[in-house]
Amino acid sequence: MTVIDVSGLAKTYRTAFGKTQITALDGIDFSVEKGELFGLLGPNGAGKTTTVKILLGLTHATSGSARLLGRAVTDPESRRRVGYLPEGHRFPGYLTARQTLAVFGKMSGLDASTIARRTPELLERVRLTGWADVKVKKFSKGMTQRLGLAAALVHDPEVLLLDEPTDGVDPVGRREIRDLLREEASRGRAILLNSHLLSEIELTCDRVAVLRKGKVAAAGKISDLTAGPATGAAYKLVASPVEPQLLDAFRESGADVTAVNGHFQLGVRDVQHLNELIDRARAQGTLVKELTPMRSSLEDIFVDLIRASETDSAGPRSLGGADVVSASETDSSAGPRSLGGADPRGTKGAA
Amino acid sequence: MRALVANIEDVFREAAARWTLLAYFALSSLFIFIFAMAVNLDIVDGALAGAKIFGNTLNMRGAQVDVDKLVLGFETGFSGFLYLLGTFLALFATAHLVPRLQEKGTIDLYLSRPVGRVPLLLSRYLAGLILATVNIVYLIGSVWGIVIWKTRVVHPRFALAGVIVLFAVATLLALAFLIGVVTSSTAVSLMGTFGIYLFSAILSLHERMEAAVSSELAAKAINALYWILPKTYELGQATAATVMGAEAPARVSAALSVTPFLTTAAFGIVCLALSAWLFKRKDF
């Protein structure tokens, strides 16, 4: 079931007298399914926050459509089952944690008895039970962030939109938030995570979309984005002894061989090619100690992608196994391509 | 509905937490206290035989003043003072409602809930009006009670003055909301609203001003501004005329005509509608 559906979404900001136009979003598409953890990535100014703001009705789209749980985001009712944690949120400092949940619970339409029942549960989940009756102005950044999560969950939403949820949270707290988000996703909540912390996204999300200059530059499952190239594979080989003749033979077979810190990186055509190389090495008396497929981190993919946009606008680049789309390609109506089952619109073959 | 009630509650909780409510009522109470302690009247057979103001005996020179007239005169003067004090205090206590709502990090929290923007804004407006009403009722009710306690004279018309003060507050608050939506600044909201308050009072002399200017265009502009802007001076006059009733001189009772009320109401409605429209369209 698709709970967030964004199609051809565009936003152009105009200055006061309309002389200058800034394109924040240039026709993006993506969707998030029920129970899915979806990450929205991109450098500053890529359009991530604008996307989230449009989904919440904080900003109006110039064109395209965005739907939450089947309702257009222009309808306030679309937000009845949506929880949101904004970046840099400012809960009124004069409220206690308990009052904060009561105010925002009521604003989401909850009655007093439901709020009274949910409040201790949620405060327990975010480890703020002992702080229930302390004013928010006395909270640390991490505590405020955890309270924000509780406030986003107070009305038991089906969709969670989280903007930098681990901002200011210590490593233990971050892990707890990650666990909490996974738990919420396993309960069927769809979660859209907007974060600069790529390692967080990599550890938490199932799928991501990378925004660049207001367009979806790459999208798909993290495992696909970070996998080896689709036309080949890269492996880390630890073996000894390795004679120079053996490396020459590898290269002659078409393998890409690089020595790095006592091990070798092998770029091969396919598994058959890899096995041929290993057979040859073993035939020469080389002992294979370790052979592992190499995967890029999401950060590698992200940095390559952003650098690519600065230096190269030619055709699609293959980065870590998932195709990404250059700026020139996304200008067409075809939208971003992806391999390995990755599709920005999760309903179309992401599985 | 529950969400809107929560929003109104939040305004009161914020006013209490930020000392606004306390300052608002403390200033009103201070005035009431000074008034209660300052005036001591000696009334004999429905006439004022003697009076003390701030402990000093007033020299009556043997004359006996009709208490009814004395009370009427006092209440008329006080209603004018209340018109100024009530509107100023109400605006100071409520002008922040929109700018603070629109602050980054706050507006996101409110708009991400299933509440329409227009109801959200209007509930804040309503909360501001309730706050002002409570204060005006407190001010008028207390002074009225003290007058009755000290003179045994009951003039129900005095209470009606509060309705006109509240009408003026409602209009000016709509203007403060409009400026707040556009600028997101409490200071500008206050300056702009008080500026219009004073300027429109000056425009009550529009006929003389029109006669004084040499350009016909300028005269028309002054006339147009007079009709567009709220009639703050006339509303003050109307407050006094309401209290005085049949005793009011013709030039004062003229303010009780329907025109100043209609044009002022139109100004307020346009300001509120415009602020709601802009708030609805605004990107945060």
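Preceding block: the structure.
Predicted, not measured: the structure shown is a model, and the values here were computed from it.

**Observations concerning the overall build of chain A**
Line of reasoning, step 1. Broken down by element type, chain A carries 11 helices and 16 strands.
Line of reasoning, step 2. Expressed as a percentage of the 351 residues in chain A, the buried residues total 51%.
Line of reasoning, step 3. Across chain A, the fraction of contacts at a sequence separation of at least 24, relative to all contacts at a separation of at least 6, is 69%.
Line of reasoning, step 4. When the accessible surface of chain A is split by element, carbon and sulfur atoms take 49% of a total near 15400 Å².

**Regarding the packing of helix α3 (residues 67-94) of chain B against helix α7 (residues 157-183) of chain B**
Residue and element names in this part refer to chain B.
Line of reasoning, step 1. Orientation of α3 relative to α7, taken along the N-to-C sense of each, is 30 degrees, at an axis distance of 9 Å. Of the possible angle classes, the one that applies to α3 and α7 is roughly parallel. α7 is crossed by α3, and the crossing has right-handed handedness. Each of E75, F78, S79, L82, Y83, G86, T87, A90, L91 and T94 in α3 lies in contact with α7, whose residues at this interface are F158, A161, V165, A168, V169, L172, L173, A176 and F177.
Line of reasoning, step 2. Along the lines of polarity and charge, the residues of the contact of α3 with α7 split into 14 nonpolar, 4 polar and 1 charged.

**Some thoughts on the layout of surface pockets**
Over the atoms a probe the size of a water molecule is rolled, and this reveals where empty space is left.
Line of reasoning, step 1. Each pocket or cavity is described by its volume, and for the largest pocket that value is around 440 Å³.
Line of reasoning, step 2. Along the wall of the largest pocket there are 15 residues; nearest its centre are K11 and R14 of chain A together with R281, K282 and D283 of chain B.
Line of reasoning, step 3. For the lining of the largest pocket, the secondary-structure elements that each account for two or more residues are β1 (2-14) of chain A together with α7 and α13 (258-281) of chain B.
Line of reasoning, step 4. The element best represented in the lining of the largest pocket is β1 of chain A, accounting for 4 residues.
Line of reasoning, step 5. Of the residues contributing to the lining of the largest pocket, the split by class is 6 nonpolar, 4 polar and 5 charged.

**So, the packing of aromatic side chains**
Residue and element names in this part refer to chain B.
Line of reasoning, step 1. Counted according to the given criterion, the structure contains 16 aromatic pairs over all chains.
Line of reasoning, step 2. With a centroid separation of 5.5 Å and 85 degrees between ring planes, the pair formed by Y125 and F177 is classed as edge-to-face. On the criterion of sequence distance, the pair formed by Y125 in helix α6 (residues 117-151) and F177 in helix α7 is long-range, its members being 52 residues apart.
Line of reasoning, step 3. Taking relative accessible area as the criterion, Y125 reaches 11% and is therefore assigned buried.
Line of reasoning, step 4. Residue F177 is classed as buried on the basis of its relative accessible area of 1%.
Line of reasoning, step 5. Arranged with centres 5.6 Å apart and planes meeting at 40 degrees, the rings of F167 and F261 form a pair that is tilted. Of the two residues, F167 sits in helix α7 while F261 sits in helix α13, which places them 94 residues apart along the sequence.
Line of reasoning, step 6. Under the relative-accessibility criterion, F167 is labelled partly exposed at 23%.
Line of reasoning, step 7. One aromatic cluster is present, formed by Y83, F88, F92, F194 and Y197 through successive ring pairs.
Line of reasoning, step 8. Cation over ring: R124 sits above Y110, and NZ or CZ is 5.6 Å from the ring centre.

**Some remarks on helix α8 (residues 186-202) of chain B**
Residue and element names in this part refer to chain B.
Line of reasoning, step 1. Here α8 is 17 residues long and its end C-alpha atoms lie 24 Å apart, about the 24 Å a rise of 1.5 Å per residue gives.
Line of reasoning, step 2. S189, L190, T193, F194, Y197 and S200 are the residues of α8 that are buried. On an axial view of α8, the arc spanned by its buried residues comes to 130 degrees, and they lie on one face. Seen from the buried face of α8, the exposed residues on the opposite side, beyond 90 degrees, are M191 and L198.

**Description of the sheet that holds strand β4 (residues 63-68) of chain A**
Residue and element names in this part refer to chain A.
Line of reasoning, step 1. In spatial order, the strands read β2-β1-β4-β5; together these 4 strands make up an open sheet with antiparallel pairing. Single-partner strands in this sheet number two, and they are β2 (21-33) and β5 (71-72).
Line of reasoning, step 2. Pairing of β1 with β2 involves 10 bridges; the strand directions are antiparallel. Its bridge partner being in β2, Y13 is matched across the sheet by I22.

**Some remarks on the packing of helix α2 (residues 97-107) of chain A against helix α4 (residues 141-153) of chain A**
Residue and element names in this part refer to chain A.
Line of reasoning, step 1. For the pair α2 and α4, interaxial distance at closest approach is 9 Å and the crossing angle is 30 degrees. As far as their axial angle goes, α4 and α2 are roughly parallel. Note that α2 runs across α4; the crossing there is right-handed. For the pair formed by α2 and α4, the contact residues are A97, T100 and L101 on the first element and L147, A150 and A151 on the second.

**Thoughts on unusual backbone geometry**
Residue and element names in this part refer to chain A.
Line of reasoning, step 1. Along the chain, S240 connects to P241 via a cis peptide bond; the corresponding omega equals -10 degrees.
Line of reasoning, step 2. When you line up the elements, P241 lands in the loop between β11 (233-240) and α8 (244-252).
Line of reasoning, step 3. A positive phi angle, near 50 degrees, is found at L69, a position not held by glycine.
Line of reasoning, step 4. Structurally, the position occupied by L69 is in the loop between β4 and β5.
Line of reasoning, step 5. Phi is positive for K213, which is not a glycine, with a value near 50 degrees.
Line of reasoning, step 6. In this structure, K213 sits in the loop between β9 (207-212) and β10 (215-221).

**What to know about the interface of chain B and chain A**
Line of reasoning, step 1. Contacts between chain B and chain A engage 30 residues on the former and 34 residues on the latter.
Line of reasoning, step 2. For the pairing of chain B and chain A, the buried interface totals around 2800 Å² over both sides, and the portion due to carbon and sulfur atoms is 54%.
Line of reasoning, step 3. Counting the contacts that link chain B with chain A gives 18 residue pairs in polar contact (both at pLDDT 80 or more).
Line of reasoning, step 4. Looking at the side of chain B that touches chain A, the elements with two or more residues in it are α1 (2-17), α5 (107-111), α6 and α13 of chain B.
Line of reasoning, step 5. The biggest single contributor to the side of chain B that touches chain A is α1 of chain B, with 8 residues.
Line of reasoning, step 6. Of the residues belonging to the side of chain B that touches chain A, the class tally is 11 nonpolar, 4 polar and 15 charged.

Conventions we followed
- Residues numbered from 1 in each chain as written.
- Chains lettered and ligands numbered in written order.
- Predicted model: local features only at pLDDT ≥ 70, side-chain atom pairs only at ≥ 80, totals over all residues.
- Heavy atoms only, no water.
- Helix = DSSP H or I, 4+ residues; strand = E, 2+ residues; numbered from the N terminus.
- Buried < 20%, exposed > 50% of the residue type's maximum accessible area, 1.4 Å probe, protein only.
- Contact = heavy atoms within 4.5 Å.
- Areas by Shrake-Rupley, 256 points an atom, 1.4 Å probe, with all protein chains shown as cover.
- Axes fitted to C-alpha atoms, helices over the stretch in contact; angles between N-to-C directions.
- Parallel < 35°, antiparallel > 145°, perpendicular 65-115°, else oblique.
- Left-handed = near helix turned anticlockwise from the far one by under 90°.
- Nonpolar A, V, L, I, M, F, W, Y, C, P; charged D, E, K, R; others polar.
- 1 Å grid on protein atoms, 1.4 Å probe; cavity = no way out; pocket = protein on both sides within 12 Å on 5 of 7 lines; lining within 4 Å.
- Points joined across faces, edges and corners; volume = space filled by probe spheres on them.
- Phe/Tyr/Trp six-rings, centres within 6.5 Å; stacked < 30°, edge-to-face > 60°.
- Lys NZ or Arg CZ within 6 Å of the ring centre and 35° of its normal.
- Expected span 1.5 Å × (residues − 1).
- Arc of directions from axis to C-beta.
- Pairing = 2+ DSSP bridges.
- Buried area = accessible area lost by both parts, 1.4 Å probe.
- Polar contact = N/O pair within 3.5 Å; in protein donor to acceptor, adjacent residues only side chain to side chain.

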